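Each chain, letter by letter, is given below.
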Amino acid sequence: MRGPVPDFDVNDNEGAYYRGGYWNELDAVQRMFAERISGRTMGPWYQDVSAGRAQPFRRALILNCGNGWVEREMLAANVMCEAVGIDYSDALLAEARRAATAQDLPLTYHQMNSNAAVFPAEQFDLVVNHAAAHHIAMIDRVFREICRILPEDGCFVSMDYVGPHRNQYTSAAWERAWSINNELPAQVRQTMTYPDLPTMLRDDPTEAVHSELVVETLHRYFHVERFVALGGAIAYPLLTHNERLFALTDKSEQTIWVEHVLGADEEFLTEHPDSTLFAYFAARPNKEALQQPRTLARWEQEERDREDRARANGGEYYGRTALQDTYARLLAEAVESARLRQEVADLQGRIDAVQRDPLVSRLTRLRASPPFRALRNNPIARRLYEWARR
(Lines give C-alpha, C1' and ligand atoms only; values in the text may rest on other atoms or scores of the structure.)
Protein backbone atom coordinates (compact mmCIF):
# COMPACT_ATOMS: atom_id res chain seq x y z
CA MET A 1 0.00 0.00 0.00
CA ARG A 2 1.36 3.37 -0.99
CA GLY A 3 2.14 5.98 1.61
CA PRO A 4 1.17 9.64 1.30
CA VAL A 5 3.00 12.04 -0.97
CA PRO A 6 5.15 14.24 1.29
CA ASP A 7 3.97 17.81 1.78
CA PHE A 8 7.31 19.42 0.85
CA ASP A 9 7.76 17.68 -2.50
CA VAL A 10 6.36 20.36 -4.81
CA ASN A 11 7.26 23.97 -5.45
CA ASP A 12 4.31 26.32 -5.97
CA ASN A 13 6.62 29.07 -7.22
CA GLU A 14 7.31 28.35 -10.89
CA GLY A 15 9.42 31.51 -10.94
CA ALA A 16 12.21 29.41 -9.41
CA TYR A 17 12.64 27.73 -12.81
CA TYR A 18 13.96 28.97 -16.16
CA ARG A 19 16.46 31.37 -14.71
CA GLY A 20 19.29 32.20 -17.05
CA GLY A 21 23.02 31.87 -16.59
CA TYR A 22 23.43 28.09 -16.27
CA TRP A 23 26.64 26.42 -17.38
CA ASN A 24 24.92 24.44 -20.15
CA GLU A 25 24.10 27.71 -21.93
CA LEU A 26 27.80 28.14 -22.74
CA ASP A 27 28.95 26.86 -26.14
CA ALA A 28 32.01 25.10 -24.73
CA VAL A 29 29.86 23.18 -22.25
CA GLN A 30 27.40 22.17 -24.97
CA ARG A 31 30.30 20.89 -27.08
CA MET A 32 31.58 18.89 -24.12
CA PHE A 33 28.16 17.32 -23.60
CA ALA A 34 27.80 16.44 -27.28
CA GLU A 35 31.29 14.93 -27.50
CA ARG A 36 30.88 12.77 -24.41
CA ILE A 37 27.37 11.58 -25.23
CA SER A 38 27.54 11.01 -28.97
CA GLY A 39 31.11 11.64 -30.09
CA ARG A 40 29.94 14.58 -32.18
CA THR A 41 31.21 18.11 -31.67
CA MET A 42 27.74 19.62 -31.63
CA GLY A 43 24.14 18.48 -31.38
CA PRO A 44 21.39 18.07 -28.80
CA TRP A 45 21.79 15.70 -25.88
CA TYR A 46 18.93 13.47 -27.08
CA GLN A 47 20.33 12.70 -30.55
CA ASP A 48 22.03 9.59 -29.15
CA VAL A 49 18.77 7.88 -28.17
CA SER A 50 17.36 7.85 -31.69
CA ALA A 51 20.61 7.00 -33.48
CA GLY A 52 20.28 3.74 -35.40
CA ARG A 53 16.49 3.52 -35.03
CA ALA A 54 14.54 2.88 -38.22
CA GLN A 55 11.47 4.70 -36.88
CA PRO A 56 10.91 7.40 -34.28
CA PHE A 57 9.35 6.45 -30.96
CA ARG A 58 5.58 6.33 -31.13
CA ARG A 59 4.63 8.22 -27.97
CA ALA A 60 6.77 9.78 -25.23
CA LEU A 61 5.96 10.68 -21.65
CA ILE A 62 7.78 13.84 -20.53
CA LEU A 63 8.33 14.11 -16.78
CA ASN A 64 7.91 17.56 -15.23
CA CYS A 65 7.71 19.11 -18.67
CA GLY A 66 7.52 22.75 -17.57
CA ASN A 67 6.82 25.06 -20.51
CA GLY A 68 7.25 22.23 -23.03
CA TRP A 69 10.43 23.22 -24.79
CA VAL A 70 12.03 19.76 -24.48
CA GLU A 71 9.25 17.87 -26.26
CA ARG A 72 8.91 20.57 -28.92
CA GLU A 73 12.61 20.24 -29.74
CA MET A 74 12.53 16.43 -29.71
CA LEU A 75 9.44 16.39 -31.90
CA ALA A 76 11.09 18.71 -34.41
CA ALA A 77 14.13 16.39 -34.43
CA ASN A 78 11.82 13.44 -35.25
CA VAL A 79 12.73 11.58 -32.05
CA MET A 80 9.06 10.70 -31.46
CA CYS A 81 5.73 11.05 -33.22
CA GLU A 82 3.79 12.52 -30.30
CA ALA A 83 4.24 13.23 -26.62
CA VAL A 84 2.36 13.70 -23.36
CA GLY A 85 3.73 16.13 -20.81
CA ILE A 86 2.99 16.21 -17.08
CA ASP A 87 3.78 18.96 -14.61
CA TYR A 88 2.53 20.36 -11.31
CA SER A 89 2.44 24.01 -12.42
CA ASP A 90 -0.76 25.15 -14.15
CA ALA A 91 1.00 28.31 -15.33
CA LEU A 92 3.82 26.41 -17.06
CA LEU A 93 1.37 23.92 -18.57
CA ALA A 94 -0.73 26.78 -19.98
CA GLU A 95 2.41 28.13 -21.64
CA ALA A 96 3.21 24.68 -23.08
CA ARG A 97 -0.33 24.26 -24.40
CA ARG A 98 -0.29 27.67 -26.08
CA ALA A 99 2.97 26.88 -27.86
CA ALA A 100 1.73 23.44 -28.97
CA THR A 101 -1.53 24.88 -30.28
CA ALA A 102 0.21 27.73 -32.10
CA GLN A 103 2.43 25.25 -33.94
CA ASP A 104 -0.29 22.56 -34.33
CA LEU A 105 1.89 19.94 -32.61
CA PRO A 106 0.72 16.48 -31.42
CA LEU A 107 1.38 17.32 -27.77
CA THR A 108 -1.02 16.93 -24.85
CA TYR A 109 -0.61 17.93 -21.22
CA HIS A 110 -1.86 16.88 -17.79
CA GLN A 111 -1.56 18.63 -14.45
CA MET A 112 -0.29 16.17 -11.84
CA ASN A 113 2.28 15.68 -9.14
CA SER A 114 4.75 13.17 -10.54
CA ASN A 115 5.46 11.87 -7.02
CA ALA A 116 2.07 10.17 -7.05
CA ALA A 117 3.32 8.04 -9.99
CA VAL A 118 -0.18 7.94 -11.50
CA PHE A 119 0.61 8.65 -15.11
CA PRO A 120 -1.83 9.19 -18.00
CA ALA A 121 -3.49 5.92 -19.06
CA GLU A 122 -1.78 5.71 -22.44
CA GLN A 123 0.89 3.51 -23.94
CA PHE A 124 4.39 4.94 -24.05
CA ASP A 125 7.55 3.54 -25.60
CA LEU A 126 9.75 6.43 -24.42
CA VAL A 127 9.97 8.27 -21.10
CA VAL A 128 12.03 11.45 -21.00
CA ASN A 129 13.62 12.91 -17.90
CA HIS A 130 15.27 16.24 -18.54
CA ALA A 131 16.24 17.86 -15.23
CA ALA A 132 13.08 16.41 -13.64
CA ALA A 133 14.08 13.40 -11.51
CA HIS A 134 16.23 15.48 -9.19
CA HIS A 135 12.99 17.21 -8.12
CA ILE A 136 11.21 13.92 -7.32
CA ALA A 137 10.90 12.93 -3.65
CA MET A 138 9.30 9.50 -4.18
CA ILE A 139 12.08 8.40 -6.49
CA ASP A 140 11.63 4.64 -5.98
CA ARG A 141 7.87 4.82 -6.52
CA VAL A 142 8.22 6.85 -9.72
CA PHE A 143 11.04 4.80 -11.29
CA ARG A 144 9.17 1.60 -10.48
CA GLU A 145 6.08 2.87 -12.27
CA ILE A 146 8.12 3.96 -15.30
CA CYS A 147 9.52 0.44 -15.44
CA ARG A 148 5.99 -0.96 -15.30
CA ILE A 149 4.44 1.22 -18.04
CA LEU A 150 7.28 0.87 -20.55
CA PRO A 151 7.36 -2.18 -22.84
CA GLU A 152 10.44 -4.37 -22.65
CA ASP A 153 11.93 -2.66 -25.68
CA GLY A 154 10.93 0.79 -24.41
CA CYS A 155 13.44 3.43 -23.43
CA PHE A 156 13.98 5.66 -20.43
CA VAL A 157 16.29 8.51 -21.42
CA SER A 158 17.63 11.09 -19.00
CA MET A 159 19.77 14.19 -18.79
CA ASP A 160 19.88 15.33 -15.18
CA TYR A 161 21.68 16.44 -12.05
CA VAL A 162 22.70 13.36 -10.04
CA GLY A 163 25.07 14.96 -7.54
CA PRO A 164 24.80 15.51 -3.78
CA HIS A 165 21.30 16.15 -2.48
CA ARG A 166 20.25 19.79 -2.30
CA ASN A 167 23.62 20.77 -3.80
CA GLN A 168 25.49 20.07 -0.57
CA TYR A 169 28.83 19.63 -2.32
CA THR A 170 31.61 17.55 -0.80
CA SER A 171 34.49 19.31 0.92
CA ALA A 172 36.97 17.84 -1.59
CA ALA A 173 35.04 19.25 -4.57
CA TRP A 174 34.40 22.60 -2.91
CA GLU A 175 38.07 23.04 -1.96
CA ARG A 176 39.19 22.22 -5.52
CA ALA A 177 36.61 24.59 -7.00
CA TRP A 178 37.77 27.30 -4.60
CA SER A 179 41.37 26.77 -5.69
CA ILE A 180 40.52 26.87 -9.41
CA ASN A 181 38.39 29.96 -8.90
CA ASN A 182 41.38 31.76 -7.41
CA GLU A 183 43.35 30.97 -10.58
CA LEU A 184 40.86 32.95 -12.66
CA PRO A 185 41.34 36.65 -13.39
CA ALA A 186 39.13 39.01 -11.41
CA GLN A 187 36.89 39.77 -14.40
CA VAL A 188 35.63 36.16 -14.57
CA ARG A 189 36.04 35.00 -10.97
CA GLN A 190 32.95 33.51 -9.34
CA THR A 191 31.54 34.75 -6.04
CA MET A 192 31.46 31.41 -4.27
CA THR A 193 28.76 30.92 -1.65
CA TYR A 194 28.07 27.45 -0.30
CA PRO A 195 24.39 26.50 -0.78
CA ASP A 196 22.56 27.25 2.47
CA LEU A 197 20.25 24.35 3.34
CA PRO A 198 17.60 26.36 5.26
CA THR A 199 17.41 28.81 2.35
CA MET A 200 16.97 25.96 -0.14
CA LEU A 201 14.23 24.42 1.98
CA ARG A 202 12.44 27.77 2.07
CA ASP A 203 12.84 28.74 -1.61
CA ASP A 204 12.50 25.33 -3.29
CA PRO A 205 12.29 22.19 -1.13
CA THR A 206 12.27 20.03 -4.27
CA GLU A 207 15.65 21.15 -5.57
CA ALA A 208 17.95 18.10 -5.73
CA VAL A 209 15.75 16.48 -3.09
CA HIS A 210 17.05 12.97 -3.86
CA SER A 211 19.51 13.59 -6.67
CA GLU A 212 22.03 11.32 -4.95
CA LEU A 213 19.57 8.40 -5.27
CA VAL A 214 18.80 8.73 -8.99
CA VAL A 215 21.56 6.42 -10.25
CA GLU A 216 21.11 3.86 -7.48
CA THR A 217 17.36 3.66 -8.08
CA LEU A 218 17.86 3.55 -11.84
CA HIS A 219 19.84 0.30 -11.49
CA ARG A 220 17.05 -1.26 -9.41
CA TYR A 221 14.53 -1.14 -12.25
CA PHE A 222 16.42 -0.77 -15.52
CA HIS A 223 19.07 -2.29 -17.73
CA VAL A 224 21.36 0.67 -18.34
CA GLU A 225 22.58 0.65 -21.95
CA ARG A 226 24.37 4.00 -21.88
CA PHE A 227 25.62 5.96 -18.92
CA VAL A 228 27.78 9.03 -19.48
CA ALA A 229 29.23 10.97 -16.57
CA LEU A 230 29.28 14.64 -17.52
CA GLY A 231 31.17 15.97 -14.52
CA GLY A 232 30.38 19.38 -13.12
CA ALA A 233 31.81 19.07 -9.59
CA ILE A 234 34.18 21.96 -10.35
CA ALA A 235 32.69 23.58 -13.44
CA TYR A 236 29.06 23.81 -12.35
CA PRO A 237 29.56 25.98 -9.24
CA LEU A 238 32.17 28.12 -11.01
CA LEU A 239 30.28 28.73 -14.26
CA THR A 240 26.61 28.73 -13.32
CA HIS A 241 25.25 32.20 -12.45
CA ASN A 242 28.75 33.63 -12.87
CA GLU A 243 27.61 37.15 -13.73
CA ARG A 244 31.09 38.42 -14.55
CA LEU A 245 31.76 35.57 -16.96
CA PHE A 246 28.42 35.85 -18.75
CA ALA A 247 28.82 39.64 -19.01
CA LEU A 248 32.05 39.37 -21.04
CA THR A 249 31.56 40.88 -24.48
CA ASP A 250 34.74 39.26 -25.77
CA LYS A 251 33.44 35.72 -26.36
CA SER A 252 36.90 34.41 -27.28
CA GLU A 253 38.16 35.42 -23.84
CA GLN A 254 35.08 33.87 -22.28
CA THR A 255 35.76 30.59 -24.09
CA ILE A 256 39.37 30.54 -22.94
CA TRP A 257 38.39 30.63 -19.27
CA VAL A 258 35.41 28.32 -19.65
CA GLU A 259 37.66 25.70 -21.23
CA HIS A 260 40.23 26.23 -18.48
CA VAL A 261 37.55 25.44 -15.89
CA LEU A 262 36.28 22.47 -17.91
CA GLY A 263 39.82 21.10 -18.06
CA ALA A 264 40.07 21.26 -14.27
CA ASP A 265 36.65 19.66 -14.02
CA GLU A 266 37.66 16.73 -16.23
CA GLU A 267 40.83 16.23 -14.19
CA PHE A 268 38.80 16.10 -10.96
CA LEU A 269 36.34 13.64 -12.50
CA THR A 270 39.22 11.37 -13.50
CA GLU A 271 40.56 11.46 -9.95
CA HIS A 272 37.08 11.01 -8.42
CA PRO A 273 34.95 8.93 -10.82
CA ASP A 274 31.93 9.04 -8.49
CA SER A 275 31.96 12.83 -8.25
CA THR A 276 29.89 13.61 -11.35
CA LEU A 277 27.08 16.10 -10.77
CA PHE A 278 25.41 15.49 -14.13
CA ALA A 279 24.82 12.39 -16.20
CA TYR A 280 23.16 11.17 -19.36
CA PHE A 281 21.69 7.69 -19.52
CA ALA A 282 19.50 5.52 -21.73
CA ALA A 283 17.97 2.38 -20.23
CA ARG A 284 15.46 -0.42 -20.84
CA PRO A 285 13.02 -1.63 -18.17
CA ASN A 286 14.01 -4.66 -16.13
CA LYS A 287 10.66 -6.40 -15.76
CA GLU A 288 12.17 -9.07 -13.49
CA ALA A 289 12.62 -6.42 -10.80
CA LEU A 290 8.84 -6.14 -10.59
CA GLN A 291 8.52 -9.84 -9.75
CA GLN A 292 10.23 -9.60 -6.35
CA PRO A 293 7.42 -8.69 -3.92
CA ARG A 294 9.51 -8.87 -0.75
CA THR A 295 12.21 -6.62 -2.14
CA LEU A 296 9.64 -4.21 -3.54
CA ALA A 297 7.84 -4.06 -0.20
CA ARG A 298 11.11 -3.36 1.61
CA TRP A 299 12.04 -0.54 -0.77
CA GLU A 300 8.56 0.92 -0.45
CA GLN A 301 8.73 0.85 3.35
CA GLU A 302 12.21 2.38 3.34
CA GLU A 303 10.93 5.22 1.19
CA ARG A 304 7.91 5.87 3.41
CA ASP A 305 10.08 5.85 6.53
CA ARG A 306 12.61 8.19 4.94
CA GLU A 307 9.95 10.72 3.97
CA ASP A 308 8.24 10.49 7.36
CA ARG A 309 11.53 11.21 9.14
CA ALA A 310 12.23 14.17 6.90
CA ARG A 311 8.72 15.54 7.36
CA ALA A 312 9.24 15.42 11.12
CA ASN A 313 12.64 17.10 10.68
CA GLY A 314 11.50 20.12 8.68
CA GLY A 315 12.38 18.53 5.35
CA GLU A 316 15.98 17.61 6.19
CA TYR A 317 17.05 14.06 5.40
CA TYR A 318 20.57 13.80 6.76
CA GLY A 319 22.74 15.07 9.58
CA ARG A 320 24.77 18.19 8.93
CA THR A 321 28.29 17.76 7.59
CA ALA A 322 31.23 19.67 9.05
CA LEU A 323 31.23 21.97 6.01
CA GLN A 324 27.49 22.65 6.37
CA ASP A 325 27.82 23.30 10.10
CA THR A 326 30.78 25.65 9.66
CA TYR A 327 28.99 27.60 6.95
CA ALA A 328 25.81 27.82 9.06
CA ARG A 329 27.81 29.21 12.00
CA LEU A 330 29.54 31.79 9.79
CA LEU A 331 26.21 32.80 8.30
CA ALA A 332 24.65 33.19 11.77
CA GLU A 333 27.60 35.33 12.88
CA ALA A 334 27.30 37.47 9.77
CA VAL A 335 23.59 38.01 10.43
CA GLU A 336 24.27 38.93 14.07
CA SER A 337 27.09 41.27 13.03
CA ALA A 338 24.78 43.00 10.54
CA ARG A 339 22.12 43.36 13.27
CA LEU A 340 24.62 44.95 15.68
CA ARG A 341 25.87 47.33 12.98
CA GLN A 342 22.30 48.39 12.34
CA GLU A 343 21.71 48.97 16.07
CA VAL A 344 24.84 51.15 16.24
CA ALA A 345 23.70 53.10 13.18
CA ASP A 346 20.24 53.61 14.70
CA LEU A 347 21.77 54.78 18.00
CA GLN A 348 24.10 57.17 16.19
CA GLY A 349 21.11 58.53 14.30
CA ARG A 350 19.28 59.25 17.54
CA ILE A 351 22.39 60.93 19.00
CA ASP A 352 22.74 63.08 15.89
CA ALA A 353 19.07 64.03 16.11
CA VAL A 354 19.48 65.09 19.75
CA GLN A 355 22.57 67.11 18.92
CA ARG A 356 20.68 68.93 16.17
CA ASP A 357 18.00 70.05 18.65
CA PRO A 358 18.26 73.90 19.11
CA LEU A 359 17.88 73.70 22.91
CA VAL A 360 20.65 71.10 23.16
CA SER A 361 22.87 73.24 20.96
CA ARG A 362 22.32 76.27 23.21
CA LEU A 363 23.05 74.22 26.36
CA THR A 364 26.20 72.84 24.76
CA ARG A 365 27.40 76.35 23.93
CA LEU A 366 26.50 77.52 27.44
CA ARG A 367 28.53 74.68 29.04
CA ALA A 368 31.52 75.71 26.92
CA SER A 369 31.24 79.42 27.83
CA PRO A 370 33.86 81.05 30.19
CA PRO A 371 31.30 82.00 32.89
CA PHE A 372 30.01 78.44 33.09
CA ARG A 373 33.53 77.03 33.31
CA ALA A 374 34.38 79.51 36.07
CA LEU A 375 31.22 78.59 38.00
CA ARG A 376 31.94 74.87 37.59
CA ASN A 377 35.45 75.36 39.02
CA ASN A 378 34.25 77.50 41.98
CA PRO A 379 34.58 75.51 45.30
CA ILE A 380 31.42 77.00 46.81
CA ALA A 381 29.37 76.23 43.70
CA ARG A 382 30.76 72.68 43.64
CA ARG A 383 29.73 72.12 47.32
CA LEU A 384 26.24 73.49 46.63
CA TYR A 385 25.96 71.11 43.63
CA GLU A 386 26.98 68.07 45.72
CA TRP A 387 24.54 69.07 48.49
CA ALA A 388 21.66 69.35 45.93
CA ARG A 389 22.34 65.83 44.64
CA ARG A 390 21.82 64.26 48.11
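Fair warning: this is a prediction, and the values are worked out from it, not measured in the lab.

**Observations regarding the packing of aromatic side chains**
Next up, step 1: Scanning the entire structure with this criterion turns up 15 aromatic pairs.
Next up, step 2: On the basis of an interplanar angle of 45 degrees and a centroid distance of 5.2 Å, the ring pair of W23 and F278 is categorised as tilted. Separated by 255 residues along the polypeptide, W23 in the segment before helix 1 (27-38) and F278 in strand 7 (residues 278-285) bring together distant segments of the chain. The pair formed by W23 and F278 is uniform in burial state, with each residue classed as buried.
Next up, step 3: Pairing Y221 with W299 gives two aromatic rings, centres 5.6 Å apart and planes at 75 degrees, and the pair type is edge-to-face. Highlighted residues: Y221 in helix 8 (residues 214-221) and W299 in helix 12 (residues 293-312), separated in sequence by 78 residues. The pair Y221 / W299 is uniform in exposure class, with both members buried.
Next up, step 4: Each member of the aromatic cluster is reached from another via a ring pair, and the members are W23, F33, Y161, Y236 and F278.
Next up, step 5: In this structure, R53 is placed above the aromatic ring of F57, and the distance from its NZ or CZ to the ring centre is 3.7 Å.

**Things to note about the sheet that holds strand 3 (residues 107-111)**
Within a sheet, adjacent strands bond to each other through the backbone by hydrogen bonds, running parallel or antiparallel.
Next up, step 1: Strand order in the open sheet made by the seven strands is 3-2-1-4-5-7-6, with mixed pairing throughout. At either end of the open sheet lies a strand with only one pairing partner, and these are strand 3 and strand 6 (222-231). Direction aside, neighbouring strands of the sheet carry axes that sit 15 degrees apart on average.
Next up, step 2: Sheet topology note: the strand 1 (residues 57-62)/strand 2 (residues 80-87) ladder contains five bridges and is parallel. When the bridges of strand 2 are listed, R59 appears paired with E82.
Next up, step 3: Lying on the sheet, helix 4 (residues 90-102) is in contact with strand 2 and strand 3; it crosses strand 3 at an angle near 165 degrees.

**Some points on the pairing of strand 5 (residues 155-161)**
Next up, step 1: Where burial is concerned, most of strand 5 is hidden: seven out of the seven residues are buried.
Next up, step 2: In strand 5, alternate side chains face the same way, and those of C155, V157, M159 and Y161 on one face and F156, S158 and D160 on the other are all buried.
Next up, step 3: One ladder, built from five bridges, connects strand 4 (residues 126-130) with strand 5; its direction is parallel. Bridging from a neighbouring strand, V128 pairs with V157 of strand 5.
Next up, step 4: The parallel pair strand 4 and strand 5, bridged by helix 5 (residues 139-149), forms a crossover whose chirality is right-handed.
Next up, step 5: Bridging between strand 5 and strand 7 involves six bridges; their strand directions are antiparallel. By the bridge assignment for strand 7, D160 is matched with A279.

Cut-offs applied
Residues numbered from 1 in each chain as written. Predicted model: local features only at pLDDT ≥ 70, side-chain atom pairs only at ≥ 80, totals over all residues. Heavy atoms only, no water. Phe/Tyr/Trp six-rings, centres within 6.5 Å; stacked < 30°, edge-to-face > 60°. Helix = DSSP H or I, 4+ residues; strand = E, 2+ residues; numbered from the N terminus. Buried < 20%, exposed > 50% of the residue type's maximum accessible area, 1.4 Å probe, protein only. Lys NZ or Arg CZ within 6 Å of the ring centre and 35° of its normal. Pairing = 2+ DSSP bridges. Axes fitted to C-alpha atoms, helices over the stretch in contact; angles between N-to-C directions. Contact = heavy atoms within 4.5 Å. Right-handed = clockwise from strand over helix to strand, strands pointing away.

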